[in-house]
2 protein chains.
Amino acid sequence: MSNIRINGDRLWDSLMEMAKIGATDKGGVCRLALTDLDRQGRDLFVQWAKDAGCTITVDKMGNIFARREGRNPSLPPVMTGSHLDSQPTGGRFDGVYGVLAGLEVLRTLNDLNYETEAPVEVAVWTNEEGSRFAPAMVASGVFAGVFDLDYGLSRADQDGRTMGQELARIGYAGDQPMGKPVGAYFEAHIEQGPILEAEDKTIGIVTHAQGQRWFEVTLTGQEAHAGPTPMPIRRDALLGAARMVQAVNRIGLDNAPVACATVGLMQVYPNSRNVIPGRVFFTVDLRHPDDAVLAKMADEFHAALNEILAEGKLTAEVEQIFYYAPVPFDEDCVGAVRAATAAAGFSNRDIVSGAGHDACYLAKVAPTGMIFIPCIDGISHNEVEDAKPEWVSAGCEVLLGAMLERANAGGATVGAGSKADAA
Amino acid sequence: MSNIRINGDRLWDSLMEMAKIGATDKGGVCRLALTDLDRQGRDLFVQWAKDAGCTITVDKMGNIFARREGRNPSLPPVMTGSHLDSQPTGGRFDGVYGVLAGLEVLRTLNDLNYETEAPVEVAVWTNEEGSRFAPAMVASGVFAGVFDLDYGLSRADQDGRTMGQELARIGYAGDQPMGKPVGAYFEAHIEQGPILEAEDKTIGIVTHAQGQRWFEVTLTGQEAHAGPTPMPIRRDALLGAARMVQAVNRIGLDNAPVACATVGLMQVYPNSRNVIPGRVFFTVDLRHPDDAVLAKMADEFHAALNEILAEGKLTAEVEQIFYYAPVPFDEDCVGAVRAATAAAGFSNRDIVSGAGHDACYLAKVAPTGMIFIPCIDGISHNEVEDAKPEWVSAGCEVLLGAMLERANAGGATVGAGSKADAA
């Protein structure tokens, strides 16, 4: 299997071709979900897939499946994929890489006239980004039974247009019922972080996706004049918020090496130079791939808050506004990625996905694994997002190897089927 | 002298009468500088002063002087005063108390047919608040030679109307040249802070006004995704800003009991829930009545900043955007306030003015002292600003006693004359 090489130039050329659709001046991509540009991107992929001899199906959330038959069509397919929609100031690789790496796998199998045991499919998941329609990853979420179809189709943009309407408008309101058996699912993606490049590793073997807990906090003290108000009697909400920022950072460091803890948003009131702030609103983002540790981090956050309220004579309103459970990826899939990486001899390390991906929902209904490649300076969600061709090729090699391992495995696990939709 | 009582009811009634001009629904006052409401307030004061037998002069910045002759008209007057203009959501006492307490002093002297050695005057300083026209205290500032007359007259509001134009419009563009000798100046004011009420003291003997140093800081780190970015490599500008908020608070506490140190304004960028803040702008307000200590506080601020930059791998732009030197009030004037307070038997304590007043500029050209009375909950610059009648009366009693002491003192110090204006 280590003799099989993908065509790196062909993959790169396809990436650059797709990047022309919605290209921005700064070298990035703006191709929002279910816009005409998204349609063009989808059409291009579908054409390429058809040219590669695939059959195409589209489900009711517009998810596209390009299928290459295997020796045993009744086996659940080994699937790969990602998304073609982008951020408003997105890059050429986020999502697209996973789709076109999958296409390159199919093209390579064609070149070699290789017949897999189980069928292989490349999926394009609708609206992964959650930019135009919230929430993110909604279409893979409906596929995996996390959301109802009605919920998915009724997601609306800022102008009130729903996903259902827009799918029909661009001709991707498919007939295929939601969900089907998947033997194994792999997703190749740029890391969107700095670790692989910093450590000079070509492949990230993704063992988990982080769980997340998000909180909103409003601290209340007492607004007063900065001149005549003595220090000891102040009830300064910004001082309390500052202590919380440090406490949150401490929680991240204390749960090293993979915990993340961030205060990203803060609003100070009245925000006047000579007035002691009487109120501060801020958000907290806690992440860890181990659910018990994530819960412990939340406890530590609450404990720190209580201490700081007492110390500063403040009061608080706190709300956990959402919780995503961590996703441990399937042992066999992770193993397949590991083996393919070793066979190709790529430098590598185990890694945790800090961001959410369609793979996180697929993991609920199929054995799932992810493959990371580095991106320049760890930058993503940014028009300057970039990756080296050798990384792009390496990730695709590993993807091919892992998929073949699963597609030919004697007892390829049939993933628990996702809920059939009611419609 | 302790036999002389002011008429507390008359003073309170005048305060409430004046408060009708620009009265707000919440019981406060909106009477912005040089508006028609300001004119009405001025006209009412002038009428009251004339009814009390005063001669009225108005200088080129619209400062009004109501004069009651003394036995020796060639002596420089003992003056008191404050301001009649208010904050947009101001109260009934801030500034007005000092003006009308002065008027009550004159009315009381009339009641008793009392002839002072030196003349006594009540001043109304134009635009103390700096709300409509910046900066604050500009007209007493021109009187004291801190600003040129041209500067003062050219201050413009948000619609481009200048103080010169508005003074002419409301009929208070006076002829009197700027500045004149003042034998002693006293100003009675509500504390605008919580100390006197909290300690159950009726009179604050003001020994100093705080000096102030204001800084603007922009901290820069690195914006990055909150999920995939490991804690140890982050360059979180908000974490740095949080450490600075604590450091500034520490500087205030370390220079107790009278130092104040405040971060009032903070702006976080990009202020997104799952993005590590790459940039934060914030302001620092340091205050102390001792110039050397104030300078030390600034040094401590710079030292803390340098430490925090290194610790957080951040860079900063810092600018001291202004500096007001502390004002030590005149020993003899403070002594006169102290003696009058003791003679009347009022509970009292020495106190530092945390806010700026016209008295701060008058202190440059005349021996000056201030008298504080408590205000409810220490609240000012707020429509609910309030004070008890017994405090209002007490402060006026002390004002009368202190003014008489200076007005009758054998060697009443002739204050260094302020610069005659060039016009």
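Parameters at a glance
Residues numbered from 1 in each chain as written. Chains lettered and ligands numbered in written order. Predicted model: local features only at pLDDT ≥ 70, side-chain atom pairs only at ≥ 80, totals over all residues. Heavy atoms only, no water. Least-squares fit on C-alpha atoms with pLDDT ≥ 70 in both. Contact = heavy atoms within 4.5 Å. Buried area = accessible area lost by both parts, 1.4 Å probe. Salt bridge = Lys/Arg side-chain N within 4 Å of Asp/Glu carboxyl O. Polar contact = N/O pair within 3.5 Å; in protein donor to acceptor, adjacent residues only side chain to side chain. Helix = DSSP H or I, 4+ residues; strand = E, 2+ residues; numbered from the N terminus. Nonpolar A, V, L, I, M, F, W, Y, C, P; charged D, E, K, R; others polar. Expected span 1.5 Å × (residues − 1). Buried < 20%, exposed > 50% of the residue type's maximum accessible area, 1.4 Å probe, protein only. Arc of directions from axis to C-beta. Core = buried A, V, L, I, M, F, W, Y, C linked by side-chain atoms within 4.5 Å. Phe/Tyr/Trp six-rings, centres within 6.5 Å; stacked < 30°, edge-to-face > 60°. Lys NZ or Arg CZ within 6 Å of the ring centre and 35° of its normal.

- Chain A carries the name Zn-dependent hydrolase in an unreviewed UniProt entry, which gives Tistrella bauzanensis as its organism.

**Digging into the relation of the copies chain A and chain B**
Turning to step 1, where the next piece is worked out: By a simple turn and slide, chain A fits onto chain B: the slide is 0.0 Å along the axis, the RMSD is 0.0 Å, and the turn is 180 degrees. On this basis, the relationship between the two copies can be described by a two-fold rotation axis. No C-alpha of chain A approaches the rotation axis more nearly than that of Ala 242 of chain A, which lies at 2.1 Å.
Turning to step 2, where the next piece is worked out: With an isologous cut-off of 70% or more, the 100% of interface residues of chain A that recur at the interface of chain B puts this contact in the isologous class.

**A few points about the interface of chain A and chain B**
Turning to step 1, where the next piece is worked out: Contacts between chain A and chain B engage 51 residues on the former and 51 residues on the latter.
Turning to step 2, where the next piece is worked out: Surface buried jointly by chain A and chain B totals about 4,200 Å² across both partners, of which 61% is contributed by carbon and sulfur atoms.
Turning to step 3, where the next piece is worked out: Three residues stand out in chain A for area buried against chain B, namely Pro 228, Met 231 and Arg 273 of chain A, and they jointly supply 18% of the buried area on that side.
Turning to step 4, where the next piece is worked out: Applying the counting criterion to the chain A and chain B interface returns 2 salt bridges.
Turning to step 5, where the next piece is worked out: Between Arg 273 of chain A and Glu 216 of chain B there is a salt bridge, with its nearest N and O atoms 2.8 Å apart.
Turning to step 6, where the next piece is worked out: One can count 10 residue pairs in polar contact (both at pLDDT 80 or more) joining chain A with chain B.
Turning to step 7, where the next piece is worked out: If you list the elements that add at least two residues to the side of chain A that touches chain B, you get β7 (211-220), α8 (237-254), β9 (260-262), β10 (266-269), β11 (275-276) and β12 (279-288) of chain A.
Turning to step 8, where the next piece is worked out: The residue inventory of the side of chain A that touches chain B, partitioned by class, reads 27 nonpolar, 17 polar and 7 charged.

**A closer look at helix α2 (residues 36-51) of chain A**
Residue and element names in this part refer to chain A.
Turning to step 1, where the next piece is worked out: Over its 16 residues, α2 runs 22 Å from end to end, which matches the ideal 22 Å to within 8%, given 1.5 Å per residue.
Turning to step 2, where the next piece is worked out: By the burial criterion, the buried members of α2 are Asp 38, Gly 41, Arg 42, Phe 45, Val 46, Trp 48 and Ala 49. Along α2, the residues classed as buried sweep out an arc of 160 degrees about the axis, all on the same side.
Turning to step 3, where the next piece is worked out: On its buried face, α2 sits against α1 (8-19), β1 (55-58), β2 (64-68), α3 (96-111) and β4 (120-124).
Turning to step 4, where the next piece is worked out: Backbone geometry just after α2 places Gly 53 at a positive phi near 85 degrees.

**Some words on the nonpolar core**
Turning to step 1, where the next piece is worked out: By size, the foremost hydrophobic cluster in this structure holds 94 residues, and its most contacted members are Phe 45, Tyr 97, Leu 100, Phe 186 and Val 392 of chain A.
Turning to step 2, where the next piece is worked out: It is helix α12 (residues 389-408) of chain A that contributes the most residues to this core, 11 residues altogether.
Turning to step 3, where the next piece is worked out: Sequence-distant contacts of Val 392 of chain A, that is, excluding residues within four places in its chain, are made with Leu 11, Trp 12, Leu 15, Phe 93, Tyr 97, Ile 373 and Ala 387 of chain A.
Turning to step 4, where the next piece is worked out: Residues Phe 45, Val 120, Val 182 and Phe 186 of chain B belong to the second largest nonpolar core, which totals 93 residues.

**Structural notes on the packing of aromatic side chains**
Turning to step 1, where the next piece is worked out: In the structure shown here, the tally under the stated rule is 20 aromatic pairs over all chains.
Turning to step 2, where the next piece is worked out: Plain terms: the ring middles of Trp 125 of chain A and Phe 143 of chain A are 5.0 Å apart, the flat faces sit at 65 degrees to each other, and that makes the pair edge-to-face. Taken together, the positions of Trp 125 of chain A in the loop between β4 and α4 (138-143) and Phe 143 of chain A in helix α4 put the pair 18 residues apart, joining distant regions of the chain.
Turning to step 3, where the next piece is worked out: A ring pair is formed by Trp 12 of chain B and Phe 93 of chain B, whose centres lie 5.7 Å apart and whose planes are at 45 degrees; its orientation type is tilted. With a gap of 81 residues between them, Trp 12 of chain B in helix α1 (residues 8-19) and Phe 93 of chain B in the loop between β3 (78-82) and α3 (96-111) connect regions that are remote in the sequence.
Turning to step 4, where the next piece is worked out: The ring of Trp 48 of chain B is capped by Arg 107 of chain B, whose NZ or CZ atom sits 5.3 Å from the centre of that ring.
Turning to step 5, where the next piece is worked out: The ring of Tyr 151 of chain B is capped by Arg 155 of chain B, whose NZ or CZ atom sits 3.8 Å from the centre of that ring.

**Concerning the pattern of salt bridges**
Residues and elements named next belong to chain A.
Turning to step 1, where the next piece is worked out: One pass over the structure, following the stated rule, counts 52 salt bridges over all chains.
Turning to step 2, where the next piece is worked out: Between Glu 166 and Arg 169 there is a salt bridge whose closest N-O contact spans 3.1 Å. On the criterion of helical spacing, the pair formed by Glu 166 and Arg 169 is a turn pair, its members being 3 residues apart in helix α6 (residues 163-169).
Turning to step 3, where the next piece is worked out: Members of the salt-bridge network, linked through shared partners, are Asp 36, Arg 39, Asp 43, Arg 132, Asp 157, Glu 166 and Arg 169.

**Comments concerning unusual backbone geometry**
Residue and element names in this part refer to chain A.
Turning to step 1, where the next piece is worked out: Cis peptide bonds are those with omega within 30 degrees of zero, and the linkage from Ala 134 to Pro 135 qualifies with 0 degrees.
Turning to step 2, where the next piece is worked out: Residue placement: Pro 135 occurs in the loop between β4 and α4.
Turning to step 3, where the next piece is worked out: Residue Pro 270 follows Tyr 269 across a cis peptide bond; omega there is 5 degrees.
Turning to step 4, where the next piece is worked out: Along the chain, Pro 270 falls in the loop between β10 and β11.
Turning to step 5, where the next piece is worked out: At Gln 192, a position not held by glycine, the phi torsion is positive, near 60 degrees.
Turning to step 6, where the next piece is worked out: Topologically, Gln 192 is positioned in the loop between β5 (184-190) and α7 (195-198).
Turning to step 7, where the next piece is worked out: Given the relative accessible area of 4%, Gln 192 is considered buried.
Turning to step 8, where the next piece is worked out: With phi around 55 degrees, Lys 313 is a residue other than glycine that occupies positive phi space.
Turning to step 9, where the next piece is worked out: Its location among the elements puts Lys 313 in the loop between α9 (291-312) and β13 (315-324).

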